[in-house]
Amino acid sequence: MKTQIEPFKIKTVEHLYITTVEQREQYLKESSYNPFSLRSDRVTIDLLTDSGTTAMSSKQWAAIMDGDEAYAGSVSYYKFEDAVRNFSGFKYIIPTHQGRAAEKVLFSVVLNSDSVVPNNTHFDTTHGNIDFLGATALDLPTDEGVQPELIAPFKGNMDIQKLENTIKKYGKERIPIGLTTITNNSGGGQPVSMQNIRETSEVLHKYGIPFFIDCCRFAENAYFIKLREKGYENTPVIDICREMFSYADGALMSCKKDGMSNTGGFIATNNEKIAEGCRTNLIIMEGFLTYGGLARRDLEALAIGFTEVVDENYLKYRVGQSTELAKQLTDAGVPLVLPAGAHALYIDAKRFAPHIKPEHFPGQSISCELYRLAGIRACEIGSIMFGRYENGQYIAPPMELVRLAIPRRVYTKSHMDYIAEAVIEAYNNREKLRPMKITWEAKFLRHFTVKCDYL
Ligand code: F0G
């Protein structure tokens, strides 16, 4: 059969909030033109994030009833530990309530204010947690990774030469840890190849630097390796996962993504010294070793989520859903970061609205228009998030993007068609998109609370 179907059927429904254009114009105004400030009951299709928005399976909900809420030694923890060890192979598994908590716990063990941390591209909370300790986060994507139009299989890769140069420049003593993020979320949701993971590991290990993987979307990355990297066509995804992690000393995860659940995170490592430090921090910052800030029932849902996410029928549908949306959009001329990732599509706002300068926020203008037109909430990843002024001079980030993140197992084919129609309509009327300005901003991670208006 040619028709690709969702590999699940629906047992419980959640009603969508349907609003009118007039209502949405009012809601936009009330939320100061920042989609983060919209109440979710004013959003019809929520593409703000794929994080914590997964629809759980009936098996996960059933397991939740079986959660063992013991403070110490919960049976649910051991199921979670076995599940993480099964795909990652790591010895020590330390749960946290979400990804940024894992970052905070780990970084406060290994970093000081003099430290430098290389990564293909840091996610904003990872960057924020490193900045918060006074250390320096360096993004080392490849040149092809920052060219939205270029089609290449692994645009999430780390630039290995830049990594080597960075270590030589700062000295290995200042680099207590090296990271790579799979898939490279801030770099356009692009995958990292097995070869690149192996080479990153070799370079870091040559200098005795521990290598950790930020692995929120590890199964999606593994599936792209299966589809795109020579030699892995017939390898089961679970074995690809195990090989990816075999090159690392540890991993950090926001389980809100490929954990197929609504919350959770972990630090996993083979490094006894780092694990010991994390365990101490965990108790102060998160909770006891066998729950790390989570309800134990959430560990049950995760243990099952980790088996469901490596199911290749699921991954085929997941990647198929975003690939199909990308095809509908590109056929209509909408400029996207290509090839499509799995968890999100990224509109290239610079080419979508070339009449709006980066300092007038083309991505924010497109996001607001998608909401106004169709009640779709998307997220700007561009000048609102990363732009800044230095000595009166505007410094723009390399890309102006709008992310359409796709929650796992939530939206059906007709929802995806509706999204395509809205984006295409916004694109066909793109000359009407208006430049914007910021009217208020916070000092740190301003995009979450920023207030905007039209110029
Ligand atoms: N690392 C990556 C690559 C992420 O994408 C995220 C979260 C985190 C770390 C932090 O995890 O949210 O559980 O604390 N990304 C979400 C997103 C928020 O929308 O992309 P968290």
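Use the structure listed above.
Sequence positions are assigned chain by chain, starting from 1 and proceeding in written order. Given that this is a predicted model, residues contribute local features only at a pLDDT of at least 70 and side-chain atom pairs are listed and counted only at 80 or more, while totals for whole chains, interfaces and linings are drawn from all residues. Side-chain figures throughout are based on the complete set of non-hydrogen atoms in the structure, without hydrogens or water.

1. Points about the packing of aromatic side chains
Argument step 1. Each pair of aromatic rings taken from Phe, Tyr and Trp, with Trp reduced to its six-membered ring, is defined by centres within 6.5 Å and is described as stacked if the planes are under 30 degrees apart, edge-to-face if over 60, and tilted in the remaining cases. The tally for this structure, following the rule as stated, stands at 20 aromatic pairs.
Argument step 2. In textbook terms, an aromatic cluster arises when at least three aromatic residues are bridged by ring pairs, as seen for Tyr77, Tyr78, Phe80, Phe87, Phe90, Phe218, Phe245, Phe266 and Phe306.
Argument step 3. Lysine NZ or arginine CZ positioned within 6 Å of the ring centre and within 35 degrees of the ring normal marks a charge as sitting over the ring. Geometry around Tyr291 places Arg296 over its ring, the cationic atom sitting 4.7 Å from the centre.
Argument step 4. The side chain of Arg434 reaches across the aromatic face of Tyr454, ending 4.3 Å from its centre.

2. As for helix H6 (residues 160–170)
Argument step 1. Think of it in three bands: with a 1.4 Å probe and only protein chains considered, a residue is buried below 20% of the maximum accessible area for its type, exposed above 50%, and partly exposed in between. Helix and strand labels come from DSSP, where a helix needs a run of H or I of at least four residues and a strand needs a run of E of at least two; each type is numbered from the N terminus. By the burial criterion, the buried members of H6 are Ile160, Leu163, Glu164, Thr166 and Ile167. Along the axis of H6, the buried positions cluster into a sector of 160°, meaning they face one direction only. Exposed residues on H6 whose side chains face more than 90 degrees from its buried face are Gln161, Lys168 and Lys169.
Argument step 2. Pairing of N or O atoms within 3.5 Å defines a polar contact, subject to two protein rules: one partner must be a possible hydrogen donor and the other a possible acceptor, and residues neighboring in sequence count only if both atoms are side-chain atoms. If you check the start of H6, you find a side-chain oxygen 3.1 Å away from the backbone N of Gln161, and it comes from Asp159. By arc we mean the arc of the directions from the helix axis to the C-beta atoms, nothing more.

3. Things to note about the side chain of Thr200
Argument step 1. Here Thr200 lies in helix H7 (residues 194–206).
Argument step 2. By relative accessible area, which is 0% here, Thr200 ends up buried.
Argument step 3. Only heavy atoms matter for contacts: two residues are in contact if any of them lie within 4.5 Å across the pair. Ignoring anything within four residues of it in the chain, the contact list for Thr200 reads Met158, Ile160, Leu163 and Phe211.

4. Focus: a nonpolar patch on the surface
Argument step 1. Residues Phe132, Phe444 and Leu445 make up a contiguous nonpolar surface patch of roughly 320 Å² in combined accessible area.
Argument step 2. Tracing the sequence through the fold places Phe444 in the loop between strand E15 (436–440) and strand E16 (451–454). Any residue with relative accessible area above 30% and no salt bridge may belong to a patch, with like charges joined within 9 Å and the nonpolar Val, Leu, Ile, Met, Phe, Trp and Tyr side chains within 5 Å. Working definition of accessibility: Shrake-Rupley area with a 1.4 Å probe, residue cover restricted to the visible protein chains. Salt bridge, as applied in this entry: a Lys or Arg side-chain nitrogen positioned within 4 Å of an Asp or Glu carboxyl oxygen.

5. Thoughts on the layout of surface pockets
Argument step 1. Reported here for the largest pocket is a volume of approximately 1300 Å³.
Argument step 2. Cavities and pockets are defined on a 1 Å grid built over the protein atoms alone: a cavity is a set of grid points where a 1.4 Å probe fits but cannot escape, while a pocket is an open set with protein on both sides within 12 Å along at least five of seven lines, and lining residues are those with an atom within 4 Å of any such point. Lining the largest pocket are 34 residues, with Thr12, Ala55, Met56, Arg409 and Val410 positioned closest to its centre.
Argument step 3. The leading source of residues in the lining of the largest pocket is helix H2 (residues 58–65), at three residues.
Argument step 4. In this classification, Asp, Glu, Lys and Arg are treated as charged, Ala, Val, Leu, Ile, Met, Phe, Trp, Tyr, Cys and Pro as nonpolar, and every other residue, Gly included, as polar. Class assignment of the residues belonging to the lining of the largest pocket gives a composition of 14 nonpolar, twelve polar and eight charged.
Argument step 5. Lining the second largest pocket are 35 residues, with His127, Asp139, Met385, Phe386 and Pro397 sitting closest to its centre.
Argument step 6. Among the secondary structure elements, those contributing two or more residues to the lining of the second largest pocket are helix H5 (124–132) and helix H15 (383–386).
Argument step 7. Sort the elements by how many residues they give to the lining of the second largest pocket and H5 lands first, with four residues.
Argument step 8. Residue classes in the lining of the second largest pocket are distributed as 16 nonpolar, eleven polar and eight charged.
Argument step 9. Reported domain spans reflect what an automatic or database domain assignment gives. Looking at which domains feed residues into the lining of the second largest pocket, each of domain 1 (21–50 + 312–454) and domain 2 (58–308) supplies at least three. Grid points are joined across faces, edges and corners, and a volume is the space filled by probe spheres set on the points.

6. Considerations on the nonpolar core
Argument step 1. Counting 59 residues, the largest nonpolar core has Phe80, Cys215, Phe218, Met244, Phe266 and Phe306 as its most contacted members.
Argument step 2. Counting residues domain by domain, this core receives three or more from each of domain 1 (21–50 + 312–454) and domain 2 (58–308).
Argument step 3. Residues grouped as a nonpolar core are buried Ala, Val, Leu, Ile, Met, Phe, Trp, Tyr and Cys residues, joined through side-chain atoms within 4.5 Å. Core analysis: the next-biggest nonpolar cluster, separate from the first, contains 32 residues, Ile45, Leu47, Leu370 and Ala374 among them.

7. A short note on empty space enclosed by the protein
Argument step 1. If you walk through the whole model with that rule in mind, you get one cavity of 30 Å³ or more.
Argument step 2. Volume-wise, the largest cavity comes out at about 70 Å³.
Argument step 3. Around the largest cavity, the lining residues are Asn34, Pro35, Phe36, Leu48, Gln364, Ser367, Ala378, Cys379, Glu380, Ile384, His447 and Val450.
Argument step 4. When residues of the lining of the largest cavity are traced back to their parent elements, those giving at least two are helix H14 (362–374) and strand E11 (379–381).
Argument step 5. For the lining of the largest cavity, the per-class residue count stands at seven nonpolar, four polar and one charged.

8. Focus: the pairing of strand E5 (residues 178–181)
Argument step 1. A two-sided burial pattern is seen for E5, the buried positions comprising Gly178 and Thr180 on one face and Leu179 and Thr181 on the other.
Argument step 2. Look down the strands so they point away from you; if going from the first strand over the helix to the second traces a clockwise path, that crossover is right-handed. Between the parallel pair E5 and strand E6 (residues 211–214), the chain is carried across by H7, and the sense of this crossover is right-handed.

9. Some remarks on the environment of Lys451
Argument step 1. With respect to the helices and strands, the residue Lys451 is situated in strand E16.
Argument step 2. For the pair Lys451 and Trp440, spaced eleven residues apart in the sequence, the C-alpha separation amounts to 5.0 Å.

10. Section: the site of the ligand
Argument step 1. Every one of the 17 residues lining the ligand counts as a neighbour, but Thr49, Arg100, Ser254, Lys257 and Arg403 are closest to it.
Argument step 2. A distance of 2.8 Å is found between an oxygen atom of the ligand and a backbone nitrogen or oxygen belonging to Gly99.
Argument step 3. A distance of 2.7 Å separates an oxygen atom of the ligand from a polar side-chain atom of Asn185.
Argument step 4. Per element, the largest residue contribution to the shell around the ligand is three residues, and it comes from helix H4 (residues 99–110).
Argument step 5. A breakdown of the residues in the shell around the ligand according to their chemical character gives two nonpolar, eight polar and seven charged. Whether a residue is near a molecule or strand is decided by its heavy atoms; if any one of them lies within 4 Å of it, the residue is near.

Geometric descriptors of this kind do not, in isolation, establish any biological role.
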